[in-house]
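# Observations on the model geometry
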Amino acid sequence: MNRKQVLELFKFLNSVYPKFMPDAKEEQTYKVDTWTRLLRNQNPAKVMLRAERYALENKFPPTIADLSERITEAHGNDFLKKVEQWRVDANDKR
């Protein structure tokens, strides 16, 4: 995600959770910069979808961890596919 995408996310989150953004401009800038840095490798559409789902189920604002895709989610299916391919390859060599 880039800064513009994080700002869109924050616009949504602040509309759902009015106290999501700090009042001080300096603190707002720091929060945007931090979230942008930590979400830089995330798919913006997926983060927004998780934010929408989160908002429907939770009365407190999310953290970065609540909205980011976890490594096991991102790569879990790929690993299982690799293991299955290894099994097939091993059986073919017999």
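Below is a summary of the structure that appears in this document. What you see is a predicted model; the values in this text were computed from it and never measured.

What follows concerns helix α1 (residues 3-16). For α1, with 14 residues, the first-to-last C-alpha span of 20 Å sits near the 20 Å given by 1.5 Å per residue. If you check which residues of α1 are buried, you get Val-6, Leu-9, Phe-10 and Leu-13. Along the axis of α1, the buried residues cluster in a sector spanning 100°; they form a single face. Those residues of α1 that are exposed and aimed more than 90 degrees away from the buried face are Lys-4, Lys-11 and Ser-15. Looking at the buried residues of α1, the elements they touch are α2 (25-38), α3 (44-57) and α4 (64-67). The opening residue of α1 is Asn-2, an N-cap whose side-chain oxygen sits 3.1 Å from the backbone nitrogen of Lys-4.

Moving on, we come to the pattern of salt bridges. Under the criterion given, the structure shown has 1 salt bridge. As a salt-bridge pair, Arg-3 and Asp-33 come within 2.3 Å of each other at their nearest N and O atoms. You can see Arg-3 sitting in helix α1 and its partner Asp-33 sitting in helix α2, a full 30 residues away along the chain. A relative accessible area of 36% means that Arg-3 is categorised as partly exposed. Classification of Asp-33 by relative accessible area gives partly exposed; the value is 35%.

For any two helices packed against each other, one specifies the crossing angle of their axes together with the interaxial distance. The N-to-C vectors of α1 and α3 enclose an angle of 10°; their axes lie 11 Å apart at closest approach. Here α3 runs roughly parallel to α1, going by the angle between their axes. Here α1 contributes Gln-5, Glu-8, Leu-9, Phe-12, Leu-13 and Val-16 to the contact with α3, which in turn contributes Pro-44, Val-47, Met-48, Ala-51, Glu-52 and Ala-55.

This paragraph deals with the environment of Arg-37. Its location among the elements puts Arg-37 in helix α2. For Arg-37, a relative accessible area of 47% puts it in the partly exposed group. Remark: the alpha-carbon pair of Arg-37 and Tyr-17, spanning 20 residues in sequence, is separated by 22 Å.

If you trace the backbone, Thr-36 turns up in helix α2. The contacts of Thr-36, once residues within four sequence positions are left out, are Met-1, Asn-2, Arg-3 and Val-6.

Calculation rules
- Residues numbered from 1 in each chain as written.
- Predicted model: local features only at pLDDT ≥ 70, side-chain atom pairs only at ≥ 80, totals over all residues.
- Heavy atoms only, no water.
- Helix = DSSP H or I, 4+ residues; strand = E, 2+ residues; numbered from the N terminus.
- Expected span 1.5 Å × (residues − 1).
- Buried < 20%, exposed > 50% of the residue type's maximum accessible area, 1.4 Å probe, protein only.
- Arc of directions from axis to C-beta.
- Contact = heavy atoms within 4.5 Å.
- Polar contact = N/O pair within 3.5 Å; in protein donor to acceptor, adjacent residues only side chain to side chain.
- Salt bridge = Lys/Arg side-chain N within 4 Å of Asp/Glu carboxyl O.
- Axes fitted to C-alpha atoms, helices over the stretch in contact; angles between N-to-C directions.
- Parallel < 35°, antiparallel > 145°, perpendicular 65-115°, else oblique.

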